[in-house]
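Listed below, chain by chain, are the residues.
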Amino acid sequence: MSEKVERELRALFAEAEARGACAAPSEKRLQVACLRRTGETGTVVSSARGLFARRSWWEGLGFSEQTLAIMRAVQRRHPDWAFCGPSAALALGCDVPYAWQRPLHVLRESGNASARTALVTHHSTTLADDARERPIWHGGLHVTPLLRTVLDSLRWMSFREGMVVADWAMGACGVAWQDFVEYRRVGSCRDAKRALSTFVRATGLAESGGESIARAVMIEQGYLLPAQQVEVPDPLHPGRTFRVDFVWVRTDGRVIAGECDGLRKLLDPEMARGRSPQQVLLDQRKREGLITAYDVSVLRFTYEEAAGVTELVQKLELYGVPRVGSPLAPTGPMPLPDWGLLLRR
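Residues numbered from 1 in each chain as written. Predicted model: local features only at pLDDT ≥ 70, side-chain atom pairs only at ≥ 80, totals over all residues. Heavy atoms only, no water.

**Points about the nonpolar core**
In terms of nonpolar packing, the biggest core is built from 86 residues, with W58, F180, W248 and W339 touching the most fellow members. The element contributing the most residues to this core is helix α7 (residues 159-171), with 7 residues. Discounting chain neighbours no more than four positions away, the residues touching F180 are L147, V150, L151, L154, V175, A195, L196 and F199. Of all hydrophobic cores here, the second largest spans 11 residues; its members include V5, L9, F13 and A33. (Core = buried A, V, L, I, M, F, W, Y, C linked by side-chain atoms within 4.5 Å. Buried < 20%, exposed > 50% of the residue type's maximum accessible area, 1.4 Å probe, protein only. Helix = DSSP H or I, 4+ residues; strand = E, 2+ residues; numbered from the N terminus. Contact = heavy atoms within 4.5 Å.)

**Some thoughts on the sheet that holds strand β11 (residues 297-302)**
Taken in spatial order, the 4 strands make up an open sheet running β8-β9-β10-β11, and their pairing is mixed. Two strands bound the open sheet, and with one partner strand each, they are β8 (227-233) and β11. Averaged over neighbouring strand pairs, the angle between their axes works out to 45 degrees when direction is ignored. Inspection of the sheet shows strand β9 (residues 241-249) paired to strand β10 (residues 255-261) by 4 bridges, in the antiparallel sense. Note that in β10 the partner of V249 across the bridge is V255. With respect to the sheet, helix α10 (residues 209-221) is in contact with β8, β9, β10 and β11, its orientation differing from that of β9 by roughly 15 degrees. Contacts between helix α15 (residues 310-318) and the sheet are confined to β9 and β11, with β11 contributing the most and set at about 180 degrees to the helix. (Pairing = 2+ DSSP bridges. Axes fitted to C-alpha atoms, helices over the stretch in contact; angles between N-to-C directions.)

Everything listed is a geometric property; what it means functionally is a separate question.
Written as structure tokens, this is what we have:
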């Protein structure tokens, strides 16, 4: 391959990576050159038809970052397109379940049918003549605005998956129940009631998609809902605290702590918040050691177990999490433990 093509490819990938995007060569000869470099041991990956990335750069991204890189490349090809639903939610910062990230979701304001390809699903949606309905630009992507994005996501997604978006909208974006109800009257559409039934059960307290999905499973299966993001005194450093994802206090005094762990927290850069996988694991182990200083049962589960339902339910049963109406289930708000009395001595 000529030095000229090598220089062109280096420039092509450097420009795309600077935008956080896949490269989309328009010239046939560069497309062929990219394809020749793909394969199991190749230096280039084909992320979608006509889209390419350097393997080392691509493999350093989390799944969500890879999806955003594809979206930015598609946006350059189609500057008039607007992403909607789960794709817009991802662009706005939501930890969207992987299954809803691809194919991409693109708004189409005319026609009655939705078309789907391997890369894109086009959604026919009639937008109201209201400023809150018009697409906006965010991070270089043309997306539906927040409330429209949440409404579409919740009416398309299942209750469990939609809870991820609802918790994010409420917690990270400050969308109140009343805001959503009032907007729903403007953005009226099919299955809006389904969206409302998901949003009304959100708390905005989940710090990961796995926590949102797990709580949705508990609602569906009739389990007592836990207190969330509960602060626990650090027994080694008076005055400091650490948090656990869930806490149940049964009427017999038994306390159960729930923690969502797993490979996704270790390997996904968005969830690691700048920490290396080793540091994430170390922080997790430190927290595990601290919580065992208390007389509590610690129920650990992964994102995959929550999404699969069965294993999470088995663990809820194994650890004695009561169902609603059980004599072991307190009525009213979940009481918080007296951590001082629970400290092992």
